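Report on the structure
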Amino acid sequence: MHYSPAFLVDAYRTMKTIRLFEERCILEFERGNIPGFVHAYNGQEAVAVGVCMHLSDSDVIGSTHRGHGHCIAKGCDVIAMMKEIMGKATGLCKGKGGSMHIADFDKGMLGANAIVGGAPPLCNGAALSAKTLGTKNVAVSFGGDGSSNQGTVMEALNLAVVLQLPHIFVVENNGYGEGTGARYAVGCESIGARTAAFGMPAATVDGTDFFAVYEQAGKFVELARNGGGPSAIEADVVRFDGHFIGDPQLYRGKDELKTIKETRDCLKKFRARVTGENWLKAEQLDEMDAEIAALIERAVEEGMNAPLPEPAALFADVYASY
Amino acid sequence: MTSTPQQAKTAGSSRVKTYREAINEALFQEMRRDPTVIVMGEEVSGGAGTDGQDDAYGGVFGVTKGLMPEFGRGRVIDTPISESAIIGAAAGAACTGLRPVAELMFFDFIGVCFDQIFNQAAKFRYMFGGKSKTPLVIRATVGAGWRAGAQHSNMLHPVVTHIAGLKVVMPSNAYDAKGLMISAIRDDDPVIFLEHKILYDTKCEVPDELYTIPFGEAAFTREGTDVTIVAISGMVPRANAVADKLAKEGISCDVIDPRTVSPLDVEAIIESVELTGRLVIVDEANERCSLAADISSIIAEKAFHALRAPIRKVTAPHTPVPFSPVLEDLYIPTPERIEQAVRDVLEA
């Protein structure tokens, strides 16, 4: 497949933005500037970006509790995201959603979702809207290996097949549902094969390889747009941080984190491939790194200085009409 | 603020229709008016994937009968028996351009899809800073009296009334059912529309044209000055019958049907209690944390000065719904218990 320099720049910029955003969230959380729980997406960037680069603002995604990466990949403004995560009035959801509930309907981002297995049933609905209204849009739900065991997900897989909905189910298998290994909690050999048994095409890809994700997602998005119905991608991926920020990760094997960061870092692999093939120069990537770092710095600065919600906001927006 | 069905009637043609027919007509008329309205659920048409008839059911109680032949399977969607998938898809469709009316055959089945209702649909708008709307209607049957046993007979409206972000509608007659259904479909928030099984064959005059009934406006189904009776859903006809009987003895009852329990027309109840000084609340739900308990606490707090007797609640006992007909009949508040409660507050 041919990749234009502009495309590669875009892919790298988005993945790197997620990486630096998450690393900074970890820092700001530790500094006490972010309340609540935060689940970092670093390590999994190639999945969100590889899939979402096929989507427009009119296509819809549903995300997980580990949703920052999906938001950024779908085009949400990182400054407004940082304000949201800090609980500020000018955040993407006026500070009333927080890390686990960021949504931006203008960008087709139907929401991070703090309930494991929350997004797939809802994304069936978005796909049903697309099908009923004849828009040719598609829906993508993201979930993890943990969510693949939820009843809601199994129900959603079956309904998507029954109604032939334009819905791509992406399962990011990072090996852990919270602190329990997928090899214990997933009772079958392969999540991809289990998904296929519902009656849809499914593929397992290396989720740390941007190009593998991008190419497979392209086939399934195309299929869905052309009335070919649902499909599923199991992305074999790694999580660089804990289930939540602050998780001591006692369940990790010896040297596991060190090893995966050395051998399965999607950004390192991307950089090696694009410079190795002479598609982009290392200096270009370094330059982008500096720009992105500056953007994240600005996001934190603006986030810290943003106003807190007024007390009246507590009562607002429970209903569209009263 | 409040109106009676008689006062609110429109000028055009009308005829006597059942509660079932009134809801069916509302769905037909709204689906013709607005192509984004869809109906989905288990056997809302029926017969999909069989060698027999299409539209074999039209909903298990026949409320959606005939919709599929007119609007097709694309807008009248039979689903697998997967309540989480049904309600989740309806919620997702509602915030992406459709106005789904999803059927949850028996409201007892919220147990297998409650996350989609209270964690998802109900919270979207608030969590997302007011940037989304979820015009979703969930229709479900409630109530005992069909000998359907513990898992098909509950009145679980207190459970959803508790949830901020949901509206809860409980029509007690055919006229209200049509107008409230049309309002529910046009509303931009998730609406739980609860149909009491014992009301499906009850009849009254229902206009042929489209009309809406606003949420949060109670109806006075009987007017009186001695005792206020607040009755909900299937209990309204019973309260009316008791009021009619007592009227012959010179006891006059104000019977209030809230019609929607979220929002609740608190003003109408206060206004009536200030006149009568006596309140009986009739609710088929279990008593603890029920709507009866809620209304009782509101009146104790806001109209204590007007009360001339302790408030009386006539509810189901704190038990599951029993199967055996003799026990089920004891479970549901009877006219005798309602009458006794009225006499008690008059004597207090």
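Not measured: the values here are computed from a predicted model.

Attention now moves to the overall build of chain B. Scanning chain B for helices and strands turns up 13 helices and 14 strands. For a compact globule of 348 residues, the expected C-alpha radius of gyration is about 20 Å, and chain B comes in at 20 Å, within 12% of that figure. Seen along its three principal axes, the alpha-carbon backbone of chain B occupies a region of about 65 × 45 × 45 Å. A burial count over chain B gives 57% of its 348 residues as buried. Long-range contacts, defined here as pairs at least 24 residues apart, represent 78% of the contacts in chain B between residues at least 6 apart.

Looking only at helices and strands, chain A has 12 helices and 7 strands in total. Computed over C-alpha atoms, the radius of gyration of chain A comes to 19 Å, within 12% of the 20 Å expected from 2.2 N^0.38 for 322 residues, which places it in the range of a compact globule. Buried positions account for 55% of the 322 residues belonging to chain A. Counting only contacts in chain A whose residues sit at least 6 apart along the sequence, the fraction spanning at least 24 positions is 75%.

Counting from both sides, the interface comprises 37 residues of chain B and, opposite them, 36 residues of chain A. Looking at the side of chain B that touches chain A, the elements that each hand over two or more residues are helix H4 (83–94), helix H5 (114–121) and helix H6 (124–127) of chain B. The dominant element in the side of chain B that touches chain A, judged by the number of residues it contributes, is H4(B), at 9 residues. In terms of residue class, the side of chain B that touches chain A is made up of 15 nonpolar, 15 polar and 7 charged.

General note: in soluble globular proteins, nonpolar side chains tend to be found buried as a group. All names here are of chain B. Ranked by size, the top nonpolar core spans 204 residues in total, and within it Ile 229 and Val 280 carry the most contacts. Residues lining this core come from more than one domain, with at least three contributed by each of domain 1 (12–207) and domain 2 (219–347). If sequence neighbours within four positions are ignored, Ile 229 has contacts with Ala 239, Ala 243, Cys 253, Asp 254, Val 255, Val 280, Val 282 and Val 342.

Here we take up helix H11 (residues 266–276) of chain A. Residue and element names in this part refer to chain A. Buried within H11 are the following residues: Cys 266, Leu 267, Phe 270 and Val 274. The buried side chains of H11 occupy one side of the element, clustering within an arc of 95° when seen end-on. Structural note: H11 exposes Ala 272 and Gly 276 on the side pointing more than 90 degrees away from its buried face. At its buried positions, H11 is contacted by helix H1 (5–30), helix H2 (45–52) and helix H9 (210–225). One or two positions beyond H11, positive phi appears at Asn 278, with a value near 65°.

Residue and element names in this part refer to chain A. Read across the open sheet, the 5 strands follow the order S1-S2-S3-S7-S6; overall the sheet is parallel. Both outer strands of the open sheet, strand S1 (60–62) and strand S6 (202–206), are each paired with one neighbouring strand and no more. With direction set aside, neighbouring strand axes in the sheet form an average angle of 20°. Sheet analysis places S1 next to strand S2 (residues 139–144), joined by 3 bridges and oriented parallel. When the bridges of S2 are listed, Gly 62 appears paired with Ser 141. On top of the sheet, H9 reaches strand S3 (167–173), S6 and strand S7 (231–236); it is set at about 170° to S7, its chief contact.

With that out of the way, let us pick up the domain arrangement of chain B. Residue and element names in this part refer to chain B. Here chain B is partitioned into domain 1 (12–207) and domain 2 (219–347). Placing the centre of domain 1 and that of domain 2 at their C-alpha centroids yields a distance of 27 Å. Each partner contributes to the interface: domain 1 provides 27 residues, whereas domain 2 provides 24 residues. Mapped by element, the contributors of at least two residues to the side of domain 1 that touches domain 2 are helix H7 (157–161), strand S6 (167–169), helix H8 (174–186) and strand S7 (191–196). Looking at the side of domain 1 that touches domain 2 residue by residue, the class counts come to 14 nonpolar, 10 polar and 3 charged.

This paragraph deals with the packing of H1(A) against helix H12 (residues 282–305) of chain A. Residue and element names in this part refer to chain A. Relative to each other, H1 and H12 sit at 40°, their axes nearing to 9 Å. Of the possible angle classes, the one that applies to H1 and H12 is oblique. Helix-helix and strand crossings are classified by hand; for H1 and H12 the assignment is right-handed. Across the interface between the two elements, Tyr 12, Arg 13, Lys 16, Thr 17, Leu 20, Phe 21, Arg 24 and Glu 28 of H1 pack against Leu 285, Met 288, Asp 289, Ile 292, Ala 293, Ile 296 and Val 300 of H12. Residues that form the contact of H1 with H12 fall into these classes: 9 nonpolar, 1 polar and 5 charged.

The next thing to look at is the sheet that holds strand S14 (residues 312–316) of chain B. Residues and elements named next belong to chain B. One open sheet accounts for 5 strands, arranged S9-S11-S10-S13-S14; its pairing is mixed. For this open sheet the edge positions go to strand S9 (219–222) and S14, each flanked by a neighbour on one side alone. Going across the sheet, the axis of each strand differs from the next one's by a mean of 25°, ignoring polarity. The pairing of strand S10 (residues 227–231) with strand S11 (residues 253–257) spans 4 bridges and is parallel. In the strand pairing of S11, Val 230 is matched with Ile 256. Here helix H10 (residues 266–276) sits on the sheet in contact with S10, S11 and strand S13 (279–286), set at roughly 155° to S10.

Right, let's talk about the environment of B:Val280 for a bit. Residues and elements named next belong to chain B. Tracing the backbone through its elements, the reader meets Val 280 in strand S13. According to the C-beta neighbour criterion, Val 280 is buried, with 30 such atoms within 10 Å. Residues Val 280 and Glu 347 lie 67 residues apart in sequence; the distance between their C-alpha atoms is 13 Å.

Right, let's get into helix H4 (residues 78–85) of chain A. Quick reminder: α-helices carry 3.6 residues per turn. Residues three or four places apart thus point the same way. For H4(A), the tally of buried residues reaches 8 of 8 residues, placing the bulk of the element in the interior. On its buried face, H4(A) is in contact with H1, helix H3 (68–73) and H12 of chain A.

For the pair helix H5 (residues 119–133) of chain A and H4(B), interaxial distance at closest approach is 6 Å and the crossing angle is 55°. With respect to H4(B), the element H5(A) is oriented oblique. In this structure, the crossing between H5(A) and H4(B) has a hand that is right-handed. Together, A:Pro121, A:Leu122, A:Cys123, A:Asn124, A:Gly125, A:Ala126, A:Leu128 and A:Ser129 of H5(A) and B:Ser84, B:Ala85, B:Gly88, B:Ala89, B:Ala90, B:Ala91, B:Gly92, B:Ala93 and B:Ala94 of H4(B) make up the contact between the two elements. Partitioning the contact of H5(A) with H4(B) into residue classes produces 11 nonpolar, 6 polar and no charged.

This next bit is on unusual backbone geometry. Residues and elements named next belong to chain B. Put simply, Ser 262 and Pro 263 share a cis peptide bond, and its omega is 0°. Along the chain, the position of Pro 263 falls in the loop between strand S12 (260–262) and H10. In this structure, Cys 289 takes a positive phi of about 55° despite not being glycine. Topologically, Cys 289 is positioned in the loop between S13 and helix H11 (291–302). With 13 C-beta atoms counted inside 10 Å, the residue Cys 289 sits in the partly exposed group.

Calculation notes
- Residues numbered from 1 in each chain as written.
- Chains lettered and ligands numbered in written order.
- Predicted model: local features only at pLDDT ≥ 70, side-chain atom pairs only at ≥ 80, totals over all residues.
- Helix = DSSP H or I, 4+ residues; strand = E, 2+ residues; numbered from the N terminus.
- Rg over C-alpha atoms; globule rule 2.2 N^0.38 Å.
- Buried ≥ 20, exposed ≤ 12 C-beta atoms within 10 Å, placed from the backbone.
- Contact = placed C-beta atoms within 7 Å.
- Nonpolar A, V, L, I, M, F, W, Y, C, P; charged D, E, K, R; others polar.
- Core = buried A, V, L, I, M, F, W, Y, C linked by C-beta atoms within 7 Å.
- Domains from an automatic or database assignment.
- Arc of directions from axis to C-beta.
- Pairing = 2+ DSSP bridges.
- Axes fitted to C-alpha atoms, helices over the stretch in contact; angles between N-to-C directions.
- Parallel < 35°, antiparallel > 145°, perpendicular 65-115°, else oblique.
- Left-handed = near helix turned anticlockwise from the far one by under 90°.

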